Amino acid sequence: MRNRIMIIAIVGIVLIVVGCRVEYSEKNTIMAPAWKDDGKVLYVKRYTRYKTTYNTLGEDCVIVADTFYLMKCDSDGNNKEELFPIRGKVLSLNSSGEWIAVSTISDTGGIYVMKLDGSGLQLLGEGLYPDLSPDGSKIVYAKRNEGIWIMNRDGSGDHQIVSDTTASYPAWSPDDTLIAYVSNELKIIDTNGIIIKSLGTWKITPSWSKSDESKLMYSTSHPYWIHIVNLLSSIVDTLNITGSHYARWSPDGEKLINYDTTWYVINIDGTDKHYIEP
């Protein structure tokens, strides 16, 4: 009886081994695209390699390599350049001058800064959606359940300016005097947290253009549409583009980064659409 059980077990193992097949596959993913001041696009490219084992019991897929690189390209997707490896799964990326600020994907997020040549790397602590001031000297960001904060680029002088625990997606105005953010409403504040203007509910992810500081782009949810509001006249223009939760306005005000099945650049009049990675 014991020998029979052993034989059956050995036969089972042989069947599993003989029927075993291993395949490798790769997937590339674009993460967190953002504009450079010169109109080029920065983004993170994730290279993931999978190993899938098939046998008589089914299949098992595991990640065997997972790397992230900072990339740069023209707004039409041409002239791609791999800059250097970057750490962690990136939630958001922001650029000002020679500096970039990055937040990583985790429960509380993690913010770090570095120069565009990869030097000057410094981990600043927990936080989400960092936005560098126009001169690159300060960072406004969100802390999960702790509102909106400002700190110097080196992490010093960290202080809260908005206590609303739901506040998020802060964005610095081109003239360095105002900050837009989202809570239950889209709000404009000064750098001390004083409310200048409230723009209503169901508005998300504000984005300024450096070409006109009096205008602000934002998306509305359910469905996502993209709008531009003139903060002086309160006139709102709705673009003929179905939006995403993270549309970003170009420095010259002529284009935006948007998402459908992947990230692309398009003129604000809806023409000349180019996928960053076709």
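Once a new chain begins, its residue numbering starts again from 1 and follows that chain's sequence as written. With the structure being a predicted model, the display of local features is reserved for residues of pLDDT at least 70 and the display and counting of side-chain atom pairs for 80 or more, all residues being used for whole-chain, interface and lining totals. Derived side-chain values reflect all non-hydrogen atoms in the structure, with water molecules and hydrogen atoms excluded from consideration.

Before going further, it helps to examine the pairing of strand β3 (residues 58–73). A regular strand places its side chains so that they alternate between the two faces of the sheet. By this definition, two strands are paired if DSSP reports at least two bridges between them. A run of H or I in DSSP counts as a helix once it spans at least four residues, and a run of E counts as a strand once it spans at least two, with each numbered from the N terminus. Pairing analysis gives 15 bridges linking strand β2 (residues 41–55) to β3, with the strands arranged antiparallel. Residue pairing for β3: Tyr50 is matched across the bridge by Ile63.

The subject of this paragraph is unusual backbone geometry. The backbone phi angle of Asn79 is positive, close to 55°, even though this residue is not glycine. Mapped onto the elements of the fold, Asn79 is located in the loop between β3 and β4 (81–85). Residue Asn79 is classed as exposed on the basis of its relative accessible area, which comes to 60%. Three exposure classes are used, based on accessible area relative to the maximum for each residue type with a 1.4 Å probe and protein chains only: buried under 20%, partly exposed in between, and exposed over 50%.

Patches here: salt-bridge-free residues with over 30% relative accessible area, like charges joined within 9 Å, nonpolar side chains (Val, Leu, Ile, Met, Phe, Trp, Tyr) joined within 5 Å. Computed by Shrake-Rupley with a 1.4 Å probe, the accessible areas treat only the displayed protein chains as cover when residues are assessed. For salt bridges, the criterion is a side-chain nitrogen of Lys or Arg within 4 Å of an Asp or Glu carboxyl oxygen. In this tally, Asp and Glu contribute negative charge and Lys and Arg positive charge; neither His nor the terminal groups of the chain are included. Charge positions come from single atoms, namely NZ of Lys, CZ of Arg, CG of Asp or CD of Glu. Taken together, Asp76, Asp252, Glu254, Asp269 and Asp272 make up a surface patch of like negative charges. Turning to its location among the elements, Asp272 is positioned in the loop between β23 (263–267) and β24 (274–275). The class of Asp272 is partly exposed, set by a relative accessible area of 46%.

pLDDT: the predictor's confidence for each residue, scored from 0 to 100. Mean pLDDT over the chain works out to 88, with 92% of the residues at or above the 70 mark. Segment residues 4–17 is flagged for pLDDT under 50; beyond a separation of four residues in sequence, or across chains, it makes five contacts in the model. The contact criterion used is simple: two residues touch if any of their non-hydrogen atoms lie within 4.5 Å.

On to the nonpolar core, then. Here the nonpolar core consists of buried residues drawn from Ala, Val, Leu, Ile, Met, Phe, Trp, Tyr and Cys, with membership extended through side-chain atoms lying within 4.5 Å. Counting residues in each nonpolar core, the largest one holds 16 residues, and the members touching the most others are Val44, Leu70, Ile86, Leu93, Ile100 and Val102. At the level of elements, β1 (21–35), β2, β3, β5 (90–96), β6 (99–104) and β7 (110–115) are the ones that each hand at least two residues to this core. Looking at this core, the element that brings in the most residues is β1, giving three residues. If we skip the residues at most four places from it in the chain, Val44 touches Thr29, Ile30, Met31, Phe68, Tyr69, Leu70, Ile86 and Val90. If you look at the next biggest cluster of nonpolar residues, it comprises 13 residues, including Ala171, Val182, Leu216 and Val229.

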